[in-house]
Amino acid sequence: MDFLGLFDPSTADESGDVHDDFTDQLPPEPQVGNVEYKLKLVNPSKQRFEHLVTQMKWRLREGQGEAIYEIGVEDNGVLTGLAEYEMTASLQTLQQMAYKLGATTTVLRERLVDNDNGNGRKVAEVLVRKVPDDQHNIEVRVAVMGSADAGKSTLLGVLTQGQFDNGRGRARLNMFRHLHEVQSGRTSSISHEILGFDTQGHVVNYSEFMTAEEICENSTKLITFIDLAGHRKYLRTTVLGLTGYSPHHVMLVVSGSAGIVGMTYEHLALALALDVPFFITITKTDVTAPADTLLSLETMLKSAGCRKVPLVVKNEDDVITAGSNQLAENIVPIFCVSNVTGEGLELLTKFLHVLPPGISIKEKERLEQELCEFQIDETFRVPEVGTVVGGLLTKGVVTEGAKLVIGPLNDGRFLPVIVQSIHRNKAPCRVVRASQSASLGLSQEVPGLRNGMVLLSPESNPAGCLFFQAAVCVLFHATAIYPGFQTTVHIGNIRQTAVIEGIMATGGIHTNDRASVLFRFVRHPEYVKVGMRLLFREGRTKGIGKITQVFPLQQD
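Nothing here was measured: the structure is a model prediction, and the numbers come from that model. (Residues numbered from 1 in each chain as written. Predicted model: local features only at pLDDT ≥ 70, side-chain atom pairs only at ≥ 80, totals over all residues. Heavy atoms only, no water.)

Q: Quick question: what am I supposed to make of the sheet that holds strand S2 (residues 66-71) here?
A: Within a sheet, neighbouring strands are paired by backbone hydrogen bonds and run either parallel or antiparallel to one another. Spatially, the four strands line up as an open sheet ordered S1-S2-S4-S3, and their pairing is mixed. Sheet topology places strand S1 (35-38) and strand S3 (104-113) at the edges, where each strand pairs with a single neighbour. Each neighbouring strand pair of the sheet contributes to a mean axis angle of 20°, computed without reference to strand direction. Against the sheet, helix H2 (residues 84-101) makes contact with S2, S3 and strand S4 (121-129), and its axis sits at roughly 10° relative to S4, the strand it touches most. (Pairing = 2+ DSSP bridges. Helix = DSSP H or I, 4+ residues; strand = E, 2+ residues; numbered from the N terminus. Axes fitted to C-alpha atoms, helices over the stretch in contact; angles between N-to-C directions. Contact = heavy atoms within 4.5 Å.)

And the structure:
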């Protein structure tokens with residue numbers, strides 16, 4: 001989504017700091033996207049009002065249920081401003097337009113322009129939000145990454161439960177899924193937490209004894225946090241969470257006391273390689289001042305491999321600026337928070353409220369028209385229910401009673417199954433749409449069921465494959481890679497060892513080299529398609545690529 005804030009990120013100086021001055025002009029109004037400039041909306045005629053409502057409907061579609069209105073701004077971007085009574089009338093008209101569509105308006109910020117003679121004129125930035133008719137809320141997936149002991153699970157505990165930590169890890173206890181995680185204090189599995197916002201931007205979670213189902217019911221915007229492991233030992237689980245769950249944003253958590261350590265670089269490299277927008281949160285600011293950590297972060301972000309503009313968020317204006325340019329520009333917002341005193345948490349929460357959704361409604365509708373494709377990330381055996389699979393629906397729509405095929409099995413076949421029940425965010429529902437995650441109860445046992453399988457529409461005539469070809473780029477390798485090299489390959493929700501069988505037109509490949517490579521899965525066939533992104537790693541060796549050709553297994 002293409003937010004435009006009332007600040008211009010191009011005003012950042014060489015140190016990367018964005019000046020807190022109000023620009024005299026915005027870029028001209030974009031034809032596409034979800035940003036609309038309006039000089040004033042005072043007493044429009046009935047015909048004009050209908051036209052404005054239609055225009056708002058289109059802007060909301062462009063922004064997947066969210067649009068930004070700049071009031072007091074001309075189409076060429078000049079900030080003319082309005083007198084107090086004109087601004088009040090314009091905001092009322094905007095509210096009536098939104099009401100007609102079942103949407104809500106929230107004034108993000110107001111500014112005075114031309115205040116020299118004392119009768120300053122105002123411009124305002126307004127967020128218009130409408131939850132799509134077939135959804136309870138607008139959903140944004142945020143993957144939480146960072147080194148071990150940076151305070152990721154504690155931060156999520158404080159954000160989602162509204163109670164500060166006691167400095168000894170009390171807030172993180174509800175985040176853990178296994179006993180050994182509680183005992184060691186280290187996350188080893190992928191857990192999901194939700195944070196809901198109502199129409200005014202207030203957090204829904206903090207009400208007493210709120211269940212996940214009630215949070216979803218009462219929220220217009222839902223942030224789903226994917227809590228990933230920080231320890232090197234669990235790196236493959238972290239990569240799987242990043243490739244399999246397709247998060248819209250990454251929150252990189254850095255400890256203010258320990259600073260940037262080994263795995264922080266590793267996780268940053270993964271976010272950059274997979275091209276996921278990210279923001280940084282520095283924790284433990286009550287223990288030590290974050291000045292040194294901020295300095296090293298800014299150096300890292302401006303380095304040749306990253307080339308980002310750091311923006312240290314100090315007030316609400318910075319929050320809106322950061323949210324506005326999170327997708328459009330290469331700005332990386334940095335928040336300084338304490339889970340014990342609560343310092344900085346309000347700014348982080350407000351940022352999550354204005355964080356733009358991932359894909360436009362148009363793109364979402366296109367994906368929903370396609371044949372169903374559900375990636376299986378987790379499998380369960382539930383007493384009296386049977387086989388349950390959890391994962392992400394990347395294409396199509398799944399309803400209760402849908403007839404699908406699951407596979408590939410070890411011989412490459414796909415088995416017909418029926419979807420008996422659907423759960424989303426721990427609450428039962430009847431339908432799942434493209435880009436939503438869910439758990440599906442299946443009608444029968446599946447022999448050799450494992451993570452990495454897919455549920456597909458029978459019409460797609462799927463086939464498993466052992467051999468595939470990809471155009472790859474080696475990000476780092478100590479020597480050269482030759483045929484016979486074994487590596488762990490991540491493709492979406494697939495994680496398996498593969499052997500390089502051949503490298504086209506060259507003997508070996510080194511760091512920063514590009515080549516077309518033939519891979520073979522070692523253990524069992526997988527379902528892959530041309531165009532899928534691929535990430536491979538072995539020790540410190542890392543590479544990315546795109547699948548160019550697939551060789552399906554021949555069925556008897």
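Here the narrative resumes, following the displayed structure.
Q: How should the nonpolar core be read in this particular structure?
A: Side chains of a nonpolar character, in soluble globular proteins, are inclined to be buried together. Grouped together as the largest cluster of nonpolar side chains are 41 residues, with contacts concentrated most on Phe225, Met251, Phe279, Phe335, Leu348 and Leu352. Broken down by element, this core gets its largest block of residues, six residues, from helix H10 (residues 345-354). Val276, Leu301, Cys306 and Leu535 belong to the second largest nonpolar core, which has 31 residues in total. (Core = buried A, V, L, I, M, F, W, Y, C linked by side-chain atoms within 4.5 Å. Buried < 20%, exposed > 50% of the residue type's maximum accessible area, 1.4 Å probe, protein only.)

Q: Would you take a moment to explain unusual backbone geometry for this structure?
A: Glycine aside, residues mostly have negative phi angles, and peptide bonds mostly take the trans form. In this structure, the amide linkage connecting Gly407 to the following residue, Pro408, adopts the cis form with an omega of -5°. Summarising the element assignment, Pro408 is placed in the loop between strand S15 (403-407) and strand S16 (415-424). Despite not being glycine, Asn512 shows a phi value in the positive range, around 70°. With respect to the helices and strands, Asn512 occurs in the loop between strand S23 (494-503) and strand S24 (514-521).

Q: Explain the pattern of salt bridges to me, please; I cannot follow it from the model alone.
A: Inspection of every chain in the model, using the stated rule, returns 23 salt bridges. Between Arg129 and Glu66 there is a salt bridge whose closest N-O contact spans 2.7 Å. With Arg129 in strand S4 and Glu66 in strand S2, this residue pair connects regions lying 63 residues apart in the sequence. Like Glu66, Arg129 is buried. Between Lys529 and Glu373 there is a salt bridge, and its shortest N-O distance comes to 2.8 Å. Placement of Lys529 in the loop between S24 and strand S25 (533-538) and of Glu373 in strand S12 (residues 373-382) is noted, with a sequence separation of 156 residues between them. For Lys529, a relative accessible area of 24% corresponds to the partly exposed category. Salt bridges sharing common partners tie together Arg109, Arg111, Glu125 and Asp317. (Salt bridge = Lys/Arg side-chain N within 4 Å of Asp/Glu carboxyl O.)

Q: So what exactly am I meant to see when it comes to the pairing of S1 here?
A: Residues Val35 and Tyr37 line one face of S1 and the alternating positions Glu36 and Lys38 line the opposite face, and both faces are buried. When S1 meets S2, the two strands line up parallel, connected through four bridges. Bridged to Tyr37 within S2 is Glu70. Following the backbone out of S1, through helix H1 (residues 46-62) and into the adjacent parallel S2, one traces a crossover that is right-handed. (Right-handed = clockwise from strand over helix to strand, strands pointing away.)

Q: For this particular structure, what's the right way to read the sheet that holds strand S26 (residues 541-552)?
A: The sheet built from six strands closes into a barrel, its strands ordered S21-S24-S23-S22-S25-S26 with antiparallel pairing. For this sheet the average axis-to-axis angle between neighbouring strands, irrespective of direction, equals 45°. For S23 and S24, the ladder comprises five bridges, and the chain directions are antiparallel. Across the sheet, Ile503 pairs through a bridge with Val517, a residue of S24.

Q: Can you walk me through the environment of Lys546 in this structure?
A: The topology assignment puts Lys546 in strand S26. Sequence separation of Lys546 and Ala471 is 75 residues, and the distance between their C-alpha atoms is 5.5 Å. With residues near it in sequence (within four places) discarded, Lys546 still touches Ala470, Ala471, Gly531 and Met532.

Q: Is there a simple way to think about the packing of aromatic side chains in this case?
A: Given two aromatic rings, one states the distance between the centres and the angle between the planes to describe the pair. Applying the stated criterion to the full structure yields seven aromatic pairs. Judged by centre distance (6.2 Å) and plane angle (85°), the ring pair of Phe414 and Tyr527 falls under edge-to-face. Of this pair, Phe414 sits in the loop between S15 and S16 while Tyr527 sits in the loop between S24 and S25; the two residues are 113 residues apart in sequence, bridging distant segments of the chain. The class of Phe414 is buried, set by a relative accessible area of 16%. Using a relative accessible area of 11% as the deciding quantity, one classes Tyr527 as buried. (Phe/Tyr/Trp six-rings, centres within 6.5 Å; stacked < 30°, edge-to-face > 60°.)

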